[in-house]
Amino acid sequence: MSERKRPSPFCLRLTFEQRARLEADAAGMSLAAYIHWRLFDPDQPPPRQRGKAPVKDQEAIARVIGLLGQSRIANNLNQLARQANLGTLPVTPDTEAALTEAAANIAAMRAMLVKALGLDAGP
């Protein structure tokens, strides 16, 4: 099986102004993809770019991350799952109330994240 070598890279020196213009024209595309497109496929639509959706509400994201950091959700869920698998989880009114409260807290955090990210909550 023959091994295909990649062509050597091509280097191009630009002034700061030229590079700034190139980056502005690329509008979020990688410079390599933009240059390839402009040189070899200018009649085709530009290549698709990865979504870089900005966060709509940084403060809300920070609040949710803070709440997650203060909570022991992961540890508590792990303990509950372990006890449920062992069959030793007592289902008392207190346990049921705690699970209902935890589910409501998780739903509230999800809603905050969806809103802060500017996403559609869906069904």
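For the structure itself, look to the data block above.
If you're wondering where the values come from, they're calculated on a predicted model, not measured in any experiment.

Asks: Just to check I follow, could you spell out the pattern of salt bridges for this structure?
Replies: As enumerated under the stated definition, the model contains two salt bridges in all. The residue Arg 19 makes a salt bridge to Glu 23 at a minimum N-O spacing of 2.9 Å. On the criterion of helical spacing, the pair formed by Arg 19 and Glu 23 is a turn pair, its members being four residues apart in helix 1 (residues 16–26). A relative accessible area of 44% places Arg 19 in the partly exposed class. Among the salt bridges present, the one from Asp 25 reaches Arg 21, with a minimum N-O distance of 3.7 Å. Within this pair, Asp 25 and its partner Arg 21 are both found in helix 1, separated by four residues, close to a single helical turn. Take Arg 21: its relative accessible area is 60%, and that puts it in the exposed class.

Asks: How should the environment of Tyr 34 be read in this particular structure?
Replies: Relative to the elements of secondary structure, Tyr 34 occurs in helix 2 (residues 31–40). Note on Tyr 34: relative accessible area 5%, which makes it buried. Each C-alpha atom, one on Tyr 34 and one on Pro 47, is 8.0 Å from the other, the two residues being 13 residues apart in sequence. Filtering out sequence-adjacent residues up to four positions away, Tyr 34 remains in contact with Leu 22, Asp 25, Ala 26 and Met 29.

Asks: Looking at this structure, I do not really get the side chain of Thr 95. What am I missing?
Replies: Along the chain, Thr 95 turns up in helix 5 (residues 93–117). A residue is classified by how much of its surface remains accessible, and Thr 95, at 18% relative accessible area, is buried. Polar side-chain contacts of Thr 95 include one of 3.0 Å to the side chain of Thr 92. Those residues within four positions of Thr 95 in sequence are excluded, and the remaining contacts are Leu 89 and Pro 90.

Asks: Just checking my understanding: could you explain the packing of aromatic side chains for this structure?
Replies: Between two aromatic rings, the relevant description is the distance of the centres plus the angle of the planes. A complete count under the given rule lists one aromatic pair for this structure. Ring centres of Tyr 34 and Trp 37 lie 5.9 Å apart, and the angle between their planes is 55°; this geometry places the pair in the tilted category. On the criterion of helical spacing, the pair formed by Tyr 34 and Trp 37 is a turn pair, its members being three residues apart in helix 2. Using a relative accessible area of 15% as the deciding quantity, one classes Trp 37 as buried.

Asks: Would you mind showing me how to read a nonpolar patch on the surface here?
Replies: Together, Phe 10, Leu 12 and Leu 14 give the surface a local cluster of nonpolar side chains, amounting to about 360 Å² of exposed area. Its relative accessible area of 74% is what places Phe 10 among the exposed residues.

Parameters at a glance
- Residues numbered from 1 in each chain as written.
- Predicted model: local features only at pLDDT ≥ 70, side-chain atom pairs only at ≥ 80, totals over all residues.
- Heavy atoms only, no water.
- Salt bridge = Lys/Arg side-chain N within 4 Å of Asp/Glu carboxyl O.
- Helix = DSSP H or I, 4+ residues; strand = E, 2+ residues; numbered from the N terminus.
- Buried < 20%, exposed > 50% of the residue type's maximum accessible area, 1.4 Å probe, protein only.
- Contact = heavy atoms within 4.5 Å.
- Polar contact = N/O pair within 3.5 Å; in protein donor to acceptor, adjacent residues only side chain to side chain.
- Phe/Tyr/Trp six-rings, centres within 6.5 Å; stacked < 30°, edge-to-face > 60°.
- Patch = residues over 30% accessible without salt bridge, like charges linked within 9 Å, V, L, I, M, F, W, Y side chains within 5 Å.
- Areas by Shrake-Rupley, 256 points an atom, 1.4 Å probe, with all protein chains shown as cover.

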